[in-house]
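Spelled out, the chains give:
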Amino acid sequence: MAKKSLVETTINGEQVEFLCEPRQSLLESLRDVLGLTGSKEGCLTGDCGACTVLVDGRPVCSCLMLGVEARGKKITTVEGLAEGTRLHPLQQKFLEDASLQCGICTPGFLMSAKSLLDRNPNPTEAEIRYALAGNLCRCTGYDKIVRAVQDAARVIQGR
Amino acid sequence: MHEFSYEAPTTVEQAVKLLSSDGDSARVICGGTDLLIQMRNAVRKPKLLVDVKSIPEMREISFDPKTGLRLGAAVPCIEIHENEAMRRHYPGLTEAAHLIGSLQIQSRASIGGNLCNASPAADTSPALLALNATAKIVGPNGSREVPVEKFFSGPGKNVLQRGELVTQILIAAPPPHTSDRYLRMIPRNEMDIAIVGAGACVTLDGDKVKAVRIGLGAVAPTPILAPKAAEYLIGKKLDEKTAERAGELAREHAVPIDDMRGTAEYRVHVVGVLTKRALLGAAERARQN
Ligand SMILES: Cc1cc2nc3c(=O)[nH]c(=O)nc-3n(C[C@H](O)[C@H](O)[C@H](O)COP(=O)(O)OP(=O)(O)OC[C@H]3O[C@@H](n4cnc5c(N)ncnc54)[C@H](O)[C@@H]3O)c2cc1C
Ligand code: FES
Ligand code: FES
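Residues numbered from 1 in each chain as written. Chains lettered and ligands numbered in written order. Predicted model: local features only at pLDDT ≥ 70, side-chain atom pairs only at ≥ 80, totals over all residues. Heavy atoms only, no water.

Student: Looking at this model, I keep getting lost on the site of ligand 1. Mind explaining?
Tutor: Neighbouring ligand 1 are 35 residues, the closest being Val28(B), Thr33(B), Asp34(B), Ser110(B) and Asp123(B). Those chains with residues close to ligand 1 are chains A and B. In the environment of ligand 1, an oxygen atom lies 2.6 Å from a nitrogen or oxygen atom belonging to the side chain of Ser110(B). One nitrogen or oxygen atom from the main chain of Val166(B) is found 2.8 Å from a nitrogen atom belonging to ligand 1. Starting from 990 Å² of accessible surface for ligand 1 in isolation, the protein chains cover 93%. Elements with a minimum of two residues in the shell around ligand 1: strand E2 (26–29), helix H2 (35–40), helix H7 (111–116) and strand E10 (165–171) of chain B. (Near = heavy atom within 4 Å. Polar contact = N/O pair within 3.5 Å; in protein donor to acceptor, adjacent residues only side chain to side chain. Areas by Shrake-Rupley, 256 points an atom, 1.4 Å probe, with all protein chains shown as cover. Helix = DSSP H or I, 4+ residues; strand = E, 2+ residues; numbered from the N terminus.)

Student: Hey, could you run me through the sheet that holds strand E3 (residues 48–51) of chain B in this one?
Tutor: Through backbone hydrogen bonds, the strands of a sheet pair up, either in parallel or in antiparallel fashion. All names here are of chain B. Across the sheet, which stays open at both edges, the three strands sit in the order E1-E3-E2 with parallel pairing between neighbours. Two strands in the sheet have a free side with no partner beyond their single neighbour: strand E1 (5–7) and E2. Strand-to-strand, the axes of this sheet are offset by a mean angle of 25°, without reference to chain direction. Of the pairings in the sheet, the one linking E2 to E3 comprises four bridges and is parallel in character. (Pairing = 2+ DSSP bridges. Axes fitted to C-alpha atoms, helices over the stretch in contact; angles between N-to-C directions.)

Student: Can you help me understand a nonpolar patch on the surface in this one?
Tutor: All names here are of chain A. Together, Leu87, Leu95 and Leu100 make up a nonpolar patch on the protein surface, roughly 240 Å² of accessible area in all. Considering the arrangement of structural elements, one finds Leu95 in helix H2 (residues 89–96). Its relative accessible area of 54% is what places Leu95 among the exposed residues. (Patch = residues over 30% accessible without salt bridge, like charges linked within 9 Å, V, L, I, M, F, W, Y side chains within 5 Å. Salt bridge = Lys/Arg side-chain N within 4 Å of Asp/Glu carboxyl O. Buried < 20%, exposed > 50% of the residue type's maximum accessible area, 1.4 Å probe, protein only.)

Student: Help me understand the confidence of the model for chain B, please; the structure alone is not making it clear to me.
Tutor: Predicted coordinates in regions of low pLDDT should not be interpreted in detail. Averaged over every residue, the pLDDT of chain B is 96; residues scoring 70 or more account for 99%. Scoring the predicted complex yields pTM 0.97 and, for the interface, ipTM 0.97. (pLDDT = per-residue confidence, 0-100.)

Student: Any chance you could explain the packing of aromatic side chains here in plain terms?
Tutor: Both the distance between ring centres and the angle between the ring planes are used here to describe each pair of aromatic rings. All names here are of chain B. Evaluation of the coordinates by the stated rule reveals three aromatic pairs over all chains. Ring geometry for Phe151 against Phe152: centres 5.7 Å apart, planes inclined by 85°, an arrangement best described as edge-to-face. For the pair shown, Phe151 and Phe152 are each scored as buried. (Phe/Tyr/Trp six-rings, centres within 6.5 Å; stacked < 30°, edge-to-face > 60°.)

Student: Looking at this structure, I do not really get the packing of helix H10 (residues 240–251) of chain B against helix H11 (residues 264–287) of chain B. What am I missing?
Tutor: All names here are of chain B. Running from N to C, H10 and H11 cross one another at 140°; their axes reach a closest spacing of 8 Å. With respect to their mutual orientation, H10 and H11 come out oblique. Regarding H10 and H11, the two cross each other, and that crossing is right-handed. Residue-level contacts link Glu240, Ala243, Glu244, Ala246, Gly247, Ala250 and Arg251 of H10 to Val268, His269, Val271, Gly272, Thr275, Lys276, Leu279 and Leu280 of H11. For the contact of H10 with H11, the residue count by class is seven nonpolar, four polar and four charged. (Parallel < 35°, antiparallel > 145°, perpendicular 65-115°, else oblique. Left-handed = near helix turned anticlockwise from the far one by under 90°. Contact = heavy atoms within 4.5 Å. Nonpolar A, V, L, I, M, F, W, Y, C, P; charged D, E, K, R; others polar.)

Student: Is there a simple way to explain the domain arrangement of chain A in this structure?
Tutor: Residues and elements named next belong to chain A. According to the domain assignment, chain A consists of domain 1 (5–80) and domain 2 (89–157). One C-alpha centre belongs to domain 1, the other to domain 2, and the line joining them spans 21 Å. Contacts between the two partners involve 15 residues from domain 1, matched on the other side by 12 residues from domain 2. Contact between domain 1 and domain 2 buries roughly 1,000 Å² in total, counting both sides, with carbon and sulfur atoms accounting for 66%. Three residues, Thr52, Leu54 and Val78, lead the burial of domain 1 against domain 2; their summed loss comes to 39% of the area buried on that side. Taken together, the connections running from domain 1 to domain 2 amount to zero salt bridges. Between the two partners, domain 1 and domain 2, sit three residue pairs in polar contact (both at pLDDT 80 or more). Here the side of domain 1 that touches domain 2 gets three residues from one element, more than from any other, and that element is strand E3 (residues 52–55). When grouped by side-chain class, the residues that make up the side of domain 1 that touches domain 2 number six nonpolar, six polar and three charged. (Domains from an automatic or database assignment. Buried area = accessible area lost by both parts, 1.4 Å probe.)

Student: Explain the interface of chain B and chain A here, please?
Tutor: It is common to give the size of an interface as the accessible area lost on bringing the parts into contact. Every contact between the two is made by 29 residues of chain B and, on the other side, 29 residues of chain A. Remark: the boundary between chain B and chain A carries four salt bridges. Residues Glu69(A) and Arg108(B) are paired through a salt bridge, measuring 3.1 Å at the closest nitrogen-oxygen approach. Those elements giving two or more residues to the side of chain B that touches chain A turn out to be E1, H2, E3, helix H3 (77–82) and helix H6 (103–106) of chain B.

Student: Before we go on, may I ask you to explain H2(A) in this structure?
Tutor: Structurally, the α-helix is built with 3.6 residues per turn, so residues lying three or four positions apart point the same way. All names here are of chain A. Within H2, the full set of buried residues consists of Leu90, Gln91, Lys93 and Phe94. Seen along its axis, H2 keeps its buried residues to an arc of 170°; they face one direction. Those residues of H2 that are buried lie in contact with helix H3 (106–119) and helix H5 (143–157). Downstream of H2 by one or two residues, Ala98 has phi in the positive range, about 55°. (Arc of directions from axis to C-beta.)

What follows is the structure, encoded as structure tokens:
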């Protein structure tokens with residue numbers, strides 16, 4: 001087996017060290033090495049967005065990044081959204097608005113939506129749809145997802 | 001994926017050394033949005049990946065009104081779009097970078113990777129051709145500068161020799177009354193590969209065209225220039241009629257193939273339409289500069 005590298009990084013606010021082979025993607029490192037299985041694997045080609053995580057605040061497809069590239073970065077995964085048992089407003093609104101069916105796309109949508117609201121707390125519908133263009137959902141038809149993001153934006157802004 | 005090793009040097013010299021050390025089987029990785037997919041499909045099997053994202057000069061965006069733009073090859077497309085000077089002085093190149101994939105892809109995909117991957121349909125290539133950009137290349141024998149129009153040698157092929165990498169893209173400061181525009185046609189609204197891309201950079205003198213370059217993507221084995229259309233426009237007023245005629249002349253340069261995204265005949269037609277619109281759009285912007 002190939003030599004493993006030690007990767008020191010920050011995941012969901014905690015300093016983490018893990019061992020991985022250079023050929024393991026960040027997605028594999030999260031899921032198979034660290035047991036963080038919230039990020040999903042859909043296509044492995046950057047098309048579906050189910051594997052979306054935030055790296056230094058920017059959304060990336062963790063299937064198209066190597067685990068070793070996480071060195072020194074700040075990674076946020078869907079596991080980092082809730083505070084203890086308190087769901088993030090996006091999670092709460094996805095539930096209330098029935099914005100998921102099978103749910104495999106949901107972690108990716110949540111992370112793309114979080115990155116949008118962090119930068120732009122009051123987005124238009126067009127801006128929401130643009131920010132979510134890299135996430136595919138085969139079940140919901142997207143409208144309920146867009147509505148949940150609008151509703152979460154209202155909650156976050158206290159409107 | 002196959003086994004390989006990984007290094008992340010912090011200087012160009014170290015990167016060149018690493019790339020030269022492993023013969024033909026070392027490769028640059030930047031955003032990995034082309035390369036990792038090629039490796040998963042076993043199209044490429046490098047033994048060593050050299051990550052260039054930690055090399056400061058490859059992450060630089062610096063604009064000077066006299067010396068022009070130095071754009072690090074490892075700059076991700078999203079940073080191009082977020083940069084005030086890029087949006088102002090090179091709006092066409094900026095919109096090309098901002099069309100690539102999704103925000104997830106733009107956060108990783110670099111301008112240098114888009115160039116070096118040498119896809120005939122790469123979105124920033126026609127924009128770089130229109131701007132007469134130059135690739136700064138460093139290798140074991142020192143550095144050289146190659147104009148983007150001489151950089152491609154075939155589909156997926158470029159002029160880089162063993163151990164060489166592109167460190168920066170250099171573009172002159174736009175002269176007064178100059179601007180650029182990039183347009184592409186894709187079968188869907190987002191997230192698809194261009195069936196035609198057209199970039200134009202126009203310099204006006206009063207209401208006449210003083211200089212113009214037109215770059216085309218996805219209609220030949222490499223991104224190409226459309227010199228016949230450009231020559232025709234020199235000294236003329238750029239309006240609906242002359243832009244239409246330039247579009248017709250640009251079509252003569254297109255030698256596309258049929259594929260699942262569109263027929264050759266359709267692509268040639270679209271070259272005319274997009275060339276015309278890109279020219280009018282660039283001229284509109286140039287009037288305001
Ligand atoms: C879902 C998806 C959508 C996409 N949509 C588009 C699109 O709309 N338009 C478009 O044009 N492209 C698109 N792409 C392709 C891709 O994102 C771009 O080509 C990207 O710019 C490549 O940059 P990178 O940094 O990821 O390159 P990498 O994958 O890291 O590298 C690509 C190639 O270039 C070489 N290389 C990289 N940098 C250098 C350097 N500095 N010197 C020498 N060699 C180098 C590498 O060795 C490799 O062979 C898409 C890709 C995906 C996955
Ligand atoms: S699994 Fe990464 S984009 Fe689909
Ligand atoms: S809920 Fe099933 S793919 Fe989105």
